[in-house]
Amino acid sequence: MGFPKDFLWGGATAANQCEGAWREHGKLDSTADHLTLGSRQIPREFTAQIREDRVYPSHQAIDFYHHYKEDIALFAEMGFKIFRMSLNWTRIFPHGDDAVPNGRGLDFYRDVFQELKKYGIEPLVTLSHYELPYHLAEKYDGWASRKCIEFYLKYCETVFREYRGLVRYWLTFNEINSAILEGNAYFSAGILSAGKKGMSAGVLRQEEESGEGKADRRGEAPVTDGNCKQEKDEEKNRQYNALHHMLLASARAVRLAHETDPNYQVGCMIAGICQYPRTCDPKDMVLAQKTRQNIFWYCSDVQVRGAYPSYIKRLFEEEGIRISMEAEDEEILKTGCVDFYTFSYYSTGCVSADESVAKTSGNMIFGAANPYLETSRWGWQIDPMGLRYFLNEIYDRYGLPVMVVENGLGQDDRLEEDLTIHDSYRIAYMREHIRQMEEAIHDGVNLIGYTPWGCIDLVAASTGEMKKRYGMIYVDVDDHGNGTLKRYRKDSFYWYQKVIASNGEDL
Ligand code: BG6
């Protein structure tokens, strides 16, 4: 038993959280470039103009753009078989709707892929990871506009053609289901009208009130003065339609990839918003089932099975959501089913019909706390066994090969005077999750790969911090961008190297 011999061990990153090189070699702003530094107490703020007095973490990040050779050499030293990364759309089409691509951007990613190939590392490429050309957000209100589909497909067509023979695995959208979470419209779907409303006065007020213990707020409803019901309903409707456009774009990208190269494998990527019922009270059970359907299964049901699931009609009716379906949409979804399933998994939460139970946070989860679980410093509940549970649920449902493409522990690591980092907590976290993945394989799940998140320290998406580190490689840079950017191997580096070398036996 154990891990299959060709199991894809590796790590994961995203362009806006690691590349830096903002506006270099023709790249223009993406939506991520307009988000300021936040913290667990202070939400990140969207600003329409780049302000001198604010920190924008994506502008420098860990400067992977200029360090990629060194970083890939370190991944190779750990023994990576696969490296998940994303393309920054604005490096290739700076405005998003340009007539021709930017050659410098195409060259950069070709160089990265060639460097990976040198070490026999397979790239796993996310086409869109929480960023959209800012121009598309400004001019078209991001994915709220159907026009974005054509721009996205032009970008896909370009990269599918350019990187034949260098890439095999593609993911269409990172955590596509997060596009419908309240407060996520700008972050996930580039809906600028929401960014402007949800992240202005409300955020500033939060700053003044900030106090310890508040969870990061991505995925929460934005606090605004004029957030009346009608506005909220319109916002929700816009978000669901934006998601519809993303699902159509994803389906067409799958077809395009297969037409371009029959070797291409295209996957969906779902935010692991994994929730249990808080008790066996039937009210909690049904609530948990509904929550899972509406938030966790909904998008992958469309992407894997090629049609909107039956249960979603009720949600649409109850929430007054009207999807603008065009004549060919059903056919597009039907003919663009993905080849494999991927998801992120950090934590689980609970749902409860009883509003008075204690609350918790997690990766986009704000629900009832689970009394059996401990939480990380950022308040995310740690649940290795839940990974086995959800892997079984996913594989039973779809029967497609599965990859866990994000998982890890965000912690404030300390660089010791002797330049070591003793992150035994991260090793413990990963060890338990890997054990449970092995159990899932024994259960019969066709798990083909594991790319823990932020294998090299990078900017946190929810807070914009550097100090919330996930890496097995430490990068000397702080929240404000100060530091040497030097890379250091953590204890987990050597541990993971051993895990990969033994194909998961030596934990
Ligand atoms: C996932 C995202 O939701 O969670 C990543 O795909 C993100 O982009 C990761 O970085 C961890 O969240 P955070 O906020 O700790 O960076």
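Below you will find a few notes about this structure. Along each chain, numbering runs from 1 in the same order as the chain's sequence is written. Where local features are concerned, this predicted model is filtered to residues with pLDDT of at least 70; where side-chain atom pairs are given and counted, the filter is 80 or more; whole-chain, interface and lining totals use all residues. As a rule here, side-chain values come from all non-hydrogen atoms in the structure, and water together with hydrogens is ignored.

With that settled, consider the sheet that holds strand β13 (residues 402-406). Note on pairing: two strands pair once DSSP finds at least 2 bridges between them. Under the DSSP-based scheme used, a helix requires at least four consecutive residues in state H or I and a strand at least two consecutive residues in state E, with every element numbered from the N terminus. In space, the eight strands of this closed barrel follow the order β1-β2-β3-β4-β5-β7-β13-β14, with parallel pairing throughout. Neighbouring strand axes in the sheet, compared pairwise and without regard to direction, differ in orientation by 30° on average. Strands β2 (82-86) and β3 (122-126) of the sheet are contacted by helix α4 (residues 103-118), whose axis makes an angle of about 170° with β2. Only the contacting stretch of a helix is used when fitting its axis, a line to C-alpha atoms as for every element, and angles between N-to-C directions run 0 to 180 degrees. Any two residues having at least one pair of non-hydrogen atoms within 4.5 Å are treated as being in contact.

Any residue with a non-hydrogen atom lying within 4 Å of a molecule or strand is treated as near it. Taken together, 17 residues are adjacent to the ligand, and E175, A461, S462, K468 and Y470 come closest. For this scheme, ten residues count as nonpolar: Ala, Val, Leu, Ile, Met, Phe, Trp, Tyr, Cys and Pro. Four count as charged, namely Asp, Glu, Lys and Arg, and the remainder, Gly too, count as polar. Here the shell around the ligand is built from residues that sort into eight nonpolar, five polar and four charged.

Here we come to the packing of aromatic side chains. Pairing of aromatic side chains here covers Phe, Tyr and the six-membered ring of Trp, requires ring centres within 6.5 Å, and sorts the geometry by plane angle: under 30 degrees stacked, over 60 edge-to-face, intermediate tilted. One pass over the structure, following the stated rule, counts 47 aromatic pairs. Here the aromatic rings of Y152 and F173 are separated by 4.7 Å at their centres, their planes lie at 15°, and the arrangement is stacked. Highlighted residues: Y152 in helix α6 (residues 147-162) and F173 in the loop between β4 (169-171) and α7 (185-189), separated in sequence by 21 residues. The exposure class assigned to Y152 is buried, which follows from its relative accessible area of 0%. Here the term buried applies to any residue with accessible area under 20% of the maximum for its type, exposed to any over 50%, and partly exposed to those in between, with areas from a 1.4 Å probe on protein chains only. When its relative accessible area of 2% is taken as the criterion, F173 is described as buried. Seen in terms of ring centroids, F160 and Y264 are 5.7 Å apart; in terms of plane orientation they differ by 50°. Their pairing is tilted. Taken together, the positions of F160 in helix α6 and Y264 in the loop between α10 (229-260) and β5 (265-271) put the pair 104 residues apart, joining distant regions of the chain.

Quick look at the environment of K81 now. With respect to the helices, strands and loops of the structure, K81 is situated in the loop between α2 (64-78) and β2. With residues up to four places along the chain from it excluded, the contact list for K81 reads F7, L8, W9, G120, I121, E122 and I500.

As a further point, take the nonpolar core. Grouping buried Ala, Val, Leu, Ile, Met, Phe, Trp, Tyr and Cys residues that are joined through side-chain atoms within 4.5 Å yields what is termed a nonpolar core. If you look at the biggest cluster of nonpolar residues, it comprises 150 residues, and the most contacted ones within it are L87, W143, W170 and Y496. Ranked by residues supplied to this core, first place goes to α10 with 12 residues. Those residues in contact with W170 that lie beyond four places of it in its chain are L87, L124, V125, L127, V159, F160, Y163, Y264, Q265, V266, G267 and F340. Formed by nine residues, the second largest nonpolar core is a distinct cluster that contains L8, I82, L171 and F340.

Take the pattern of salt bridges next. Once their charged atoms are close, side chains differing in charge can pair, the charge on each being opposite to the other. Basic side-chain nitrogens of Lys or Arg form a salt bridge, by our definition, when they fall within 4 Å of a carboxyl oxygen of Asp or Glu. Scanning the entire structure with this criterion turns up 38 salt bridges. Between R435 and E432 there is a salt bridge, and its shortest N-O distance comes to 2.8 Å. Residue R435 and its partner E432 are both found in helix α15 (residues 424-443); the two are separated by three residues, about one turn of the helix. You can call R435 partly exposed: its relative accessible area is 38%. Salt-bridge contacts for K498 lead to D506; the nearest nitrogen and oxygen are separated by 3.8 Å. Linked through salt bridges whose partners overlap, the residues forming this network are D413, D423, R426, D457, R469 and K490.

Turning to the pairing of strand β8 (residues 348-351), a few remarks are in order. The two faces of β8 match: T348 and C350 on one face and G349 and V351 on the other face are all buried. Bridge count for strand β6 (residues 274-277) against β8 is four bridges, and the pairing is parallel. Bridging across to β8, C274 finds its partner in T348.

Moving on, we get to the environment of I42. Mapped onto the elements, I42 comes out in the loop between α1 (15-18) and α2. Residues I42 and S250 lie 208 residues apart in sequence; the distance between their C-alpha atoms is 33 Å.

With that out of the way, let us pick up the state of the cysteines. We call a pair of cysteine sulfur atoms a disulfide whenever their separation is within 2.5 Å. Scanning all chains against the criterion turns up zero disulfides. No disulfide involves C268; its sulfur sits 9.2 Å from the nearest other cysteine sulfur, which is in C299. Under the relative-accessibility criterion, C268 is labelled buried at 0%. Cysteine C455 remains unbridged, with the sulfur of C18 as its closest cysteine sulfur at 8.6 Å.

The next point concerns α6. Taking 1.5 Å of rise per residue, 16 residues should cover 22 Å, and α6 covers 23 Å from first to last C-alpha, within 8% of that figure. Along α6, the positions that sit buried rather than exposed are C148, I149, F151, Y152, L153, Y155, C156, T158, V159 and F160. On its buried face, α6 is in contact with α3 (89-92), α4, α5 (134-140), β4 and α10. In this analysis, the expected span of each helix is defined as 1.5 Å times one less than the number of residues it contains.

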